[in-house]
Each structure stands twice: as structure tokens, then as C-alpha cells.
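Single-letter residue listing:
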Amino acid sequence: MIRKRGFAAILAATALLNINVYAASPETERLQTINARQIQAEGDLSRADFFAVVSRLFQKEALISISGAGAGVLPFADAGDIPPGNKIYFEAMYKAGFISGSAEGGALYARPLDSVSRQDLMTILGRVSRNKADTGLSAFPDAGTVSEYAKPYVSWFAGKGLLGGEIRPRDAATLDEAAPLILAAYDFAGESERVSYGRVSAVAGTGSAGSFDASSSKTRFFMPYSLTFDKNGDMFIFDTYNNLIRRIQSGRVGVVTGQVTALGDNSAPKGRHLDDTAEKSLLNRPVSGVFTKTGALVFADSGNSVLRVLSGGKVRTYAGSPRAAFADGDKKSAAFNTPCAIAIDSADNIYVADTLNNRIRKVDPNGNVTTFAGTGEAAFSDGRADLAAFSAPMGIAVSESGAGTVVYVADTGNNRIRRIADGKVTTLAGAAQAGFIDGEAKQARFNFPAGLTTFGDSLIIVDSGNHSVRKLQDGRVETIAGNGEPGDELGESYEAMLHMPMGAAVKGGEIYIADTGNNKIKKIKLK
């Protein structure tokens, strides 16, 4: 969390950035020069100058990085209009996911020399400083003219009393108007008045890597990737780097199947493939599992590139063989390549995120494997399921209703959330470039989204690279836990910190999280 600064400290920080600030009135400070370029105080603020101010100011808080930028190719049709000295800032903002360009005739335009509108200025500032609010516009007579994407951010500035009698969202922002908004966003960076979805609390794990069985608070895991629940409500944890499946029962953690073997080069237990009794079987990076109607646990044994099943005290290979390849067919001839997630429907059909085959596969109750979606090429395209393309999908969830079965996919390599229904693949949320932006689904940004699970009419997304848990509902994305930075903090959902979480499961009104990088299991008790 960024510490709130006094106004004098803000001015000192801007001076360090070679941004000359002078007092035009007791109420307003102006930013006058940026990179030795003169900006007229009485004129409108161009997008190029605004992005330069934001990039240079907020890099001091590590909310945006301009290091390494400047050599890439921007996807804007008018990239040549960007002043040479400002290209590094456009690239930094684009790479961070804070700007995406405006589409005109299928092309993206940066419009660098245009004046920045008031609502765009507040939207960019809100995204970069992670400040937004749900209320605060009703008192303004022109509130209805604010675009949907801008409302949460404009609301925050309204709540700070910075907008006066009208919003004038589409008017050009003058430097005189922009300065207090820029400085307010900087002052309160990371301290948004976010709504708490509940409290994040500890479930199991000390945080130290290991394979120690004990009470929930004293046990140790080694990068647990996901979890699920059986019909009795017991939690099964895929303790991935220990090559174990473990269970929490009556407050204690114990091994269900697998063994911790000799350590490999990375100090993690080596994985193996051996079908045997639950006590003697050997696993290799188990990552995800589901229970069938008969109570059997089918799980993705990713390091062995197979699906396996635990039933009647024994482990056997359910589909595939311990070799990374691609083949449809019966359970013995089919092949997978590092399957990282599975889900199941009410008819016991299993859907597999076949990660390194860049495909979604379907396994019927008899073990027959077919390709459900994807060409196998690591790319991106929507459309007919057999022609659509994915890139290293690592999360999957299933929803069923009167309209039929819907399969949701965390298309990890593409930083998108996809939907498969009626033989077609569509994109629900996200864009190719990684970022951390809430709001309208198509404007939202993710960074290495992994686990998925459904919760009522919403989709819970474990956004691993952003160290957060997000929610997609009614066409909008909201962060319900984590702030984008790695850490290990409990408390209100917006204060909590996670480290590379990979999976989640829902039980009752609570979301349980595999906080992989922290070697812990946590939960969000929703309000």
C-alpha cells in the first residue's frame, strides 16, 4: 500500500521529475514543463503531454515502468504522429494496459496530438492509481453524459470534491484543470475507497515450503495449485510440487495419495508415474481434480500428461499415457500435453485445459477423448470451435442451464477469458496485452489468468500474475482480493495480499484460494 503524502511532498516529488510547478492560485497548482518542453498553462493538455506526465510521475511509485520501453512497435495507425520524445511513454502506458487506442475502421489510433478529454484523463489516472468508486455522480446535472467505461473513475474524483458543478466529460482538459486531478491521483495512489467483498482469512499452511502433515495451521505445502471438495465437504488439495493429493478432515491435513520422493535439481521432489494403491502410487505435478457422481476423484497429473483416477483405494490412469503428445481416441490411445485444469458436467463428461496442446479436450464417461475446441496453434481467434485458437489455456469451468452447457476457459497465454457454447468460441473479457484494469469486460486487463470457478451467476478468475482474485459478472470485471502486488496479508478483501494464486473453489458462500506462492490455502468469506 502506498503511503499517503502531504501536498508539499507531492510538489517535491514532481520537482525531482523536472516538472516545474508554480502557484496560479491558492487552490490550484499547475504542471508547466515536461521533458524541457513548454506547455501553455492556458491551453488544452494534449494526450502526448498527459501520458508523459503520468508515466514519469507514477514510475516513482512502481505503478508504471518506463524502463525498457521505447524500442517496441506500437499498434497504432497514427504512431508516426507521436512526438519522438513521447514514444517511450506511449509504449509504457500501452504495455501496462492503461491505454489501448480507439478503433476506427478496424484500426487503432493513439491520437497523440489531440487534447485529452476530461473523462479520459480521469479514467487513465484512475486506472494507473487504482482509484475508483461506485457512487458520486448523481449530484451532477450532466452525469448521464459520462461514458460507462469512465464512470467508476470519474466517481472517485467526484467523491474527492474535485469536479465543481459540472463534469463536462467530453470537454478538453486544460492544464489548469488537469493539475489538481493528476496530483490528487498521485497523492491517493493505491488508497481507493474500494468496497470490501468480505474478509480474507487463513485456512491451512504455515507459508514455509514442505510436506508436513499436522493441524491446518501447522501443516506445510509446496506450491499447491488448486483444491476441490467432496460430497462430505472435505477439502482435497493438489499439493503440486510435493506430488501429493492431500485432504483436510476435522481440522487436520493428511496425504490421500502420492509420495514425496528424492529431490530434483530445483530442490522439489521428483515426480513419477506409478499406478498402485493410494499409499504406493506415484504422481508428477498433480494440479486439478473433480469428483464424479460415483465419488471417484479424477485429476490432471500434469507432469505425466495424463488424467488419473483415485477410486476404491487405488490409483489408475484414466485417459492418456505418460508421454507428452496429442491424439484423440479411446482412453489408451489418447494423448495430452501438460493438462493443467479439468472440470466436469452433470453427465460426468470431463473438460480438459490441455495446456501445451493449446486445445480444450472432452473425455466422456467411458474415457473416449475428443477435441472440444482449438486448432493446436498457439494463437488467438474466436469463431467455430474447431477453428478457434488458444494459447496455453490453464483454467476451465463448466456452467449448465436450460440453454445448455457452457465451458469457460482461462486463455492464459492470451490474457483473456473465453466462452465455448453451441460450437462457438467467443471472448468474454480481456485483451492480448497484460495489465490490471477492472471495469467493462472488453476493457479489463489480466496478467496470466489461471484458475476459474463459477459462483452463482458470476465467474471467479484467479489472476495469477496480478496476485489477485477477480470477478466477472454482468459484463464487468471487479477485483475482490489482492492489489496487484505479491504479498501475504489477511483482512478486508481489498487489503489482502496474495502471491501467485493459481486456483479457487467455492463452498457455501466462501471462495477458497490456493495461494500458491505463499504455500497456503486462504478463503474469502463473502458479505
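Here the structure is shown first, and the text comes after it.
Rules of the game
- Residues numbered from 1 in each chain as written.
- Predicted model: local features only at pLDDT ≥ 70, side-chain atom pairs only at ≥ 80, totals over all residues.
- Heavy atoms only, no water.
- Helix = DSSP H or I, 4+ residues; strand = E, 2+ residues; numbered from the N terminus.
- Buried < 20%, exposed > 50% of the residue type's maximum accessible area, 1.4 Å probe, protein only.
- Contact = heavy atoms within 4.5 Å.
- Areas by Shrake-Rupley, 256 points an atom, 1.4 Å probe, with all protein chains shown as cover.
- Salt bridge = Lys/Arg side-chain N within 4 Å of Asp/Glu carboxyl O.
- Pairing = 2+ DSSP bridges.
- 1 Å grid on protein atoms, 1.4 Å probe; cavity = no way out; pocket = protein on both sides within 12 Å on 5 of 7 lines; lining within 4 Å.
- Points joined across faces, edges and corners; volume = space filled by probe spheres on them.
- Nonpolar A, V, L, I, M, F, W, Y, C, P; charged D, E, K, R; others polar.
- Axes fitted to C-alpha atoms, helices over the stretch in contact; angles between N-to-C directions.
- Core = buried A, V, L, I, M, F, W, Y, C linked by side-chain atoms within 4.5 Å.
- Phe/Tyr/Trp six-rings, centres within 6.5 Å; stacked < 30°, edge-to-face > 60°.
- Lys NZ or Arg CZ within 6 Å of the ring centre and 35° of its normal.

### Some details on the overall build of the protein chain
Next, step 1: Scanning the protein chain from terminus to terminus reveals 6 helices and 33 strands.
Next, step 2: Residues classed as buried in the protein chain amount to 56% of the 527 residues present.
Next, step 3: Put simply, 51% of the contacts in the protein chain that link residues at least 6 apart link residues at least 24 apart.
Next, step 4: Total accessible area computed for the protein chain in this model is approximately 20,900 Å², and 49% of it derives from carbon and sulfur atoms.

### A few points about the pattern of salt bridges
Next, step 1: Considering all chains together, one arrives at 24 salt bridges under this definition.
Next, step 2: Between D488 and K522 there is a salt bridge whose closest N-O contact spans 2.6 Å. Of this pair, D488 sits in the loop between β29 (476–481) and β30 (491–492) while K522 sits in strand β33 (residues 520–526), and the two are 34 residues apart along the sequence.
Next, step 3: Relative accessible area serves as the criterion here: at 33%, D488 is assigned to the partly exposed category.
Next, step 4: On the accessibility criterion, K522 (0% relative accessible area) is buried.

### Points about the pairing of strand β31 (residues 503–507)
Next, step 1: Sheet topology places β31 next to strand β32 (residues 510–515); 5 bridges connect them, and they run antiparallel. Paired with G503 across the two strands is A514, which belongs to β32.
Next, step 2: Linking two consecutive strands that pair antiparallel, namely β31 and β32, is a turn of 2 residues; a positive phi of about 60 degrees is found at G508 within it.

### Details of the sheet that holds strand β22 (residues 404–411)
Next, step 1: Spatially, β20-β24-β23-β22-β21 is the arrangement adopted by the 5 strands of the open sheet, whose pairing is antiparallel. Only two strands of the sheet have a single partner each, and these edge strands are β20 (383–384) and β21 (395–401).
Next, step 2: Inspection of the sheet shows β20 paired to strand β24 (residues 424–430) by 2 bridges, in the antiparallel sense. Paired with G383 across the strands is V425, a residue of β24.

### What about the layout of surface pockets?
Next, step 1: In this structure, the largest pocket encloses a volume near 620 Å³.
Next, step 2: Lining the largest pocket are 30 residues; nearest its centre among them are L227, T228, L452, T453 and A504.
Next, step 3: Of all the elements in the fold, those that place two or more residues in the lining of the largest pocket are β8 (226–229), β12 (286–291), β16 (339–344), β21, β26 (449–455) and β31.
Next, step 4: Residues that form the lining of the largest pocket fall into these classes: 21 nonpolar, 9 polar and no charged.

### Observations concerning the sheet that holds strand β15 (residues 314–319)
Next, step 1: Pairing in this open sheet of 4 strands is antiparallel, and the strands run β12-β13-β14-β15 from one edge to the other. At either margin of the open sheet sits one strand with a lone partner, and together these are β12 and β15. Each strand of the sheet is rotated relative to its neighbour by a mean of 30 degrees, with strand direction disregarded.
Next, step 2: When strand β14 (residues 306–311) meets β15, the two strands line up antiparallel, connected through 5 bridges. In the sheet register, V309 faces β15, and the bridge partner there is R316.

### Let's talk about the nonpolar core
Next, step 1: Ranked by size, the top nonpolar core spans 48 residues in total, and within it F50, F58, L121, L125, L163 and I167 carry the most contacts.
Next, step 2: Elements supplying a minimum of two residues to this core: α2 (47–58), α3 (87–95), α4 (118–129), α5 (151–159) and α6 (175–187).
Next, step 3: In terms of residues, this core owes the most to one element, α2, which gives 7 residues.

### Observations concerning the packing of aromatic side chains
Next, step 1: Evaluation of the coordinates by the stated rule reveals 8 aromatic pairs.
Next, step 2: Ring centres of F50 and F51 lie 5.9 Å apart, and the angle between their planes is 45 degrees; this geometry places the pair in the tilted category.
Next, step 3: The class of F50 is buried, set by a relative accessible area of 0%.
Next, step 4: Through a chain of ring-to-ring contacts, the aromatic side chains of F50, F51 and F90 assemble into a single cluster.
Next, step 5: Positioned above the aromatic ring of F326, the side-chain terminus of R359 is 3.6 Å from the ring centre.
Next, step 6: One Lys or Arg, R416, reaches over the ring of F380 and ends 3.6 Å from the middle of that ring.

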